[in-house]
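Summary of the model geometry
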Amino acid sequence: MDNTLPPLKRIAAIHDLSGLGKCSLTVALPVISATGVECACIPTAVLSTHTGEFTGWTFRDLSDDMLPIARHWQREGVRIDGIYSGYLASPEQAELLAQTIDCIAAPDTLIIVDPVMADNGIYYSQIDDRMCAAFRRLLSRADVITPNITEAALLAGLPYEPGTHSDAYLAQLFRALGALGAGVVTVTGVRPQPDVIGNVACDCRTGEMYAPGASGAVLRHGRCVRLRAGRAARARRTAE
């Protein structure tokens with residue numbers, strides 16, 4: 001009887017590390033690991049807290065470490081089954097992310113880009129249109145992107161609507177994102193009704209849309225990271 005366990009799938013999570021605040025790598029790592037997928041980490045920055053609800057936070061850009069980490073993994077022959085990226089320290093890091101993907105991705109590596117930059121109609125602290133332009137250039141590199149409704153509108157160059165969100169508005173977003181090279185898009189924070197929050201996915205190559213069950217839950221900081229990390233791990237485990 002062969003008791004050899006199959007090798008674990010491995011996802012490279014490329015996010016910031018916020019020391020406090022239930023988000024980024026502190027959330028992605030345990031959630032991905034709990035699904036039975038190994039989570040390898042490339043931090044883009046180290047912050048004392050996330051920037052959503054705190055002031056006076058400390059920040060260290062780790063751009064100089066991203067490619068050396070990726071190249072070390074490459075020399076070691078590390079197999080990366082999925083890449084899940086999030087917060088970038090600067091617009092310039094988008095090009096480093098693209099080079100990192102080139103360095104560690106195999107032809108069948110699933111690439112998921114979460115364009116972390118805005119919510120509730122406005123950019124996060126110290127983020128502006130330059131970051132949006134940088135994320136646009138990454139759209140065609142990703143198999144899946146996971147913007148919230150604000151980020152989807154910014155990327156698409158369309159007005160942000162706080163909700164409710166009609167099918168026509170969502171279809172307009174998906175068409176614009178598809179024209180920029182996006183493949184599968186999952187938009188979070190969609191409000192089909194005033195007291196309901198859900199997600200809507202679309203394969204922009206075919207126009208096929210999918211809306212799983214929504215809920216009346218309040219989205220708190222870090223919740224979307226947990227949802228996206230779990231989906232990234234499940235997607236990689238079921239992609240065979």
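This section reports on the structure supplied with the text. Residue positions are given per chain, counting from 1 as you read along its sequence in written order. Residues qualify for local features only when their pLDDT is at least 70, as the model is predicted, and side-chain atom pairs are given and counted only at 80 or more; totals for whole chains, interfaces and linings, by contrast, use all residues. The side-chain values count all of the structure's non-hydrogen atoms but skip hydrogen atoms and water molecules.

G163 connects to T164 through a cis peptide bond whose omega is 5°. Secondary structure elements follow DSSP: runs of H or I of four or more residues count as helices, runs of E of two or more count as strands, with numbering from the N terminus. Mapped onto the elements, T164 comes out in the loop between α5 (149–156) and α6 (167–179). Non-glycine residue S24 carries a positive phi angle of around 55°. Positionally, S24 belongs in the loop between β1 (10–18) and α1 (25–34). In this model, Q126 sits at a positive phi of 65°, which is unusual for a non-glycine residue. Here Q126 lies in the loop between β7 (122–123) and α4 (129–138).

Another point: the environment of C39. With respect to the element layout, C39 can be found in strand β2 (residues 38–47). Relative accessible area decides the class of each residue, using a 1.4 Å probe on protein chains only: under 20% of the type maximum gives buried, over 50% gives exposed, and in between gives partly exposed. Classification of C39 by relative accessible area gives buried; the value is 12%. Ignoring anything within four residues of it in the chain, the contact list for C39 reads I11, A13, A28, L29, I32 and S33. Here, two residues are considered to be in contact whenever any of their heavy atoms come within 4.5 Å of each other.

What follows concerns the nonpolar core. Residues I104, M117, F135, L173, F174, L177 and V185 are the most contacted members of the largest nonpolar core, which totals 55 residues. Counting residues per element, this core draws most heavily on helix α3 (residues 93–104), at seven residues. Residue contacts for L173: discarding those within four places in its chain leaves I149, A152, A153, A156 and L158. Here, the term nonpolar core denotes a set of buried Ala, Val, Leu, Ile, Met, Phe, Trp, Tyr and Cys residues that are joined through side-chain atoms within 4.5 Å.

Backbone hydrogen bonds hold the strands of a sheet together, and the pairing may be parallel or antiparallel. Strands pair, by our definition, only if DSSP identifies at least two bridges between them. Taken together, the nine strands give an open sheet; going across it, the order is β3-β2-β1-β4-β5-β8-β9-β10-β11, and neighbouring strands pair in mixed fashion. With one partner strand each, in any of the chains shown, β3 (59–61) and β11 (208–210) form the two edges of the open sheet. Examined bridge by bridge, strand β8 (residues 144–145) and strand β9 (residues 184–193) share two bridges and lie parallel to one another. Along β9, the bridge assignment pairs I145 with V185. Lines fitted to C-alpha atoms define the axes, with helix axes restricted to the stretch in contact, and inter-axis angles between N-to-C directions lie between 0 and 180 degrees. Seen against the sheet, α1 touches β1, β2 and β4 (82–85) and runs at an angle of roughly 175° to β2.

Take the pairing of β2 next. As defined by bridge partners, β1 adjoins β2 across eight bridges and the pair is classed as parallel. Among the inter-strand pairings, L17 is bridged to a residue of β2, identified as V46. In this sheet, β3 lies alongside β2 in antiparallel orientation, the contact comprising three bridges. Across the sheet, residue A45 finds its bridge partner in β3, namely D61.

At a minimum axis separation of 9 Å, α5 and α6 run at an interaxial angle of 50°. Here α5 lies oblique to α6, going by the angle between them. As α5 packs across α6, the resulting crossing turns out to be left-handed. Counting all contacts with α5, which are made through I149, A152, A153, L155 and A156, the residues of α6 involved are Y169, L170, L173, A176 and L177. Along the lines of polarity and charge, the residues of the contact of α5 with α6 split into ten nonpolar, no polar and no charged. Angle categories are assigned with fixed cut-offs, so that under 35 degrees is roughly parallel, over 145 is roughly antiparallel, 65 to 115 is roughly perpendicular, and the rest are oblique. For any pair of crossing helices, the crossing counts as left-handed if the nearer helix is rotated counterclockwise from the farther one by less than a right angle, and right-handed if it is rotated clockwise. Residue polarity is assigned by list, with Asp, Glu, Lys and Arg as charged and Ala, Val, Leu, Ile, Met, Phe, Trp, Tyr, Cys and Pro as nonpolar; anything else, Gly included, falls into the polar class.

Take the environment of G77 next. With respect to the helices and strands, the residue G77 is situated in the loop between α2 (63–75) and β4. Once the C-alpha coordinates of G77 and I104 are considered, the two residues, 27 residues apart in sequence, prove to be 9.2 Å apart.

Okay, the pairing of β1 next. Burial of β1 is extensive: seven of the nine residues sit out of reach of the surface. Where the polypeptide runs from β1 across α1 and back to β2, its parallel neighbour, the crossover connection is right-handed. Across four bridges, the pairing between β1 and β4 is parallel. In the strand pairing of β4, A13 is matched with Y84. Note on handedness: a clockwise path from strand one over the helix to strand two, with the strands aimed away from the viewer, defines a right-handed crossover.

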